[in-house]
Amino acid sequence: MKLLAQELPSPKTIQETLPPGTNKDPLIAHGLQKGQYIGIFGLAIAIIAAVGFFSRRVEYAIIFAIALSGLIITFLLFI
């Protein structure tokens, strides 16, 4: 209860101090990006395999949609 009674500083007095020589935001984990991409790719493969186990036609539709989306994104990026 003592913490609730204390006054918080105004937003103008709160300042962020970064270590000298760094331009990065310390709240963003820049080193984990590769691991995230690997995890997302693995999860997508697992979902397609699980759906394919139940219905081969739905699996083909999902693979076709992903491939078509990739082609359209690539095409639009290079226009």
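Nothing here was measured: the structure is a model prediction, and the numbers come from that model.

**Some thoughts on the packing of helix 2 (residues 33–54) against helix 3 (residues 56–77)**
Part 1 of the reasoning: Where helix 2 meets helix 3, the closest approach of the two axes is 6 Å, and the angle between their N-to-C directions is 150 degrees. Together, Ile48, Val51, Gly52 and Phe54 of helix 2 and Arg56, Val58, Glu59, Ile62, Ile63 and Ile66 of helix 3 make up the contact between the two elements.
Part 2 of the reasoning: Classifying every residue of the contact of helix 2 with helix 3 gives 7 nonpolar, 1 polar and 2 charged.

**What about the pattern of salt bridges?**
Part 1 of the reasoning: Going through the model one piece at a time under the given rule, you end up with 1 salt bridge.
Part 2 of the reasoning: Glu59 is the salt-bridge partner of Arg56, the closest N and O atoms lying 2.8 Å from each other. Separated by 3 residues within a single helix, Arg56 and Glu59 lie in helix 3, roughly one turn from each other.
Part 3 of the reasoning: Relative accessible area serves as the criterion here: at 13%, Glu59 is assigned to the buried category.

Scoring rules and cut-offs
- Throughout, a residue's number is its position along its own chain's written sequence, starting from 1.
- For a predicted model such as this one, the threshold for reporting local features is a pLDDT of at least 70, and the threshold for listing and counting side-chain atom pairs is 80 or more; totals across whole chains, interfaces and linings nevertheless cover every residue.
- With hydrogens and water excluded, all non-hydrogen atoms of the structure serve as input to the side-chain values.
- Only the contacting stretch of a helix is used when fitting its axis, a line to C-alpha atoms as for every element, and angles between N-to-C directions run 0 to 180 degrees.
- Each helix corresponds to a stretch of at least 4 residues labelled H or I by DSSP, and each strand to a stretch of at least 2 residues labelled E; elements are numbered beginning at the N terminus.
- Only heavy atoms enter the contact rule, under which two residues are in contact if any of them lie within 4.5 Å.
- Note on residue categories: nonpolar means Ala, Val, Leu, Ile, Met, Phe, Trp, Tyr, Cys or Pro, charged means Asp, Glu, Lys or Arg, and polar means any other residue, Gly included.
- One speaks of a salt bridge when a side-chain nitrogen belonging to Lys or Arg is within 4 Å of a carboxyl oxygen belonging to Asp or Glu.
- Throughout, exposure labels follow a simple rule: accessible area from a 1.4 Å probe, protein chains only, divided by the maximum for the residue type, with under 20% read as buried, over 50% as exposed, and the rest as partly exposed.

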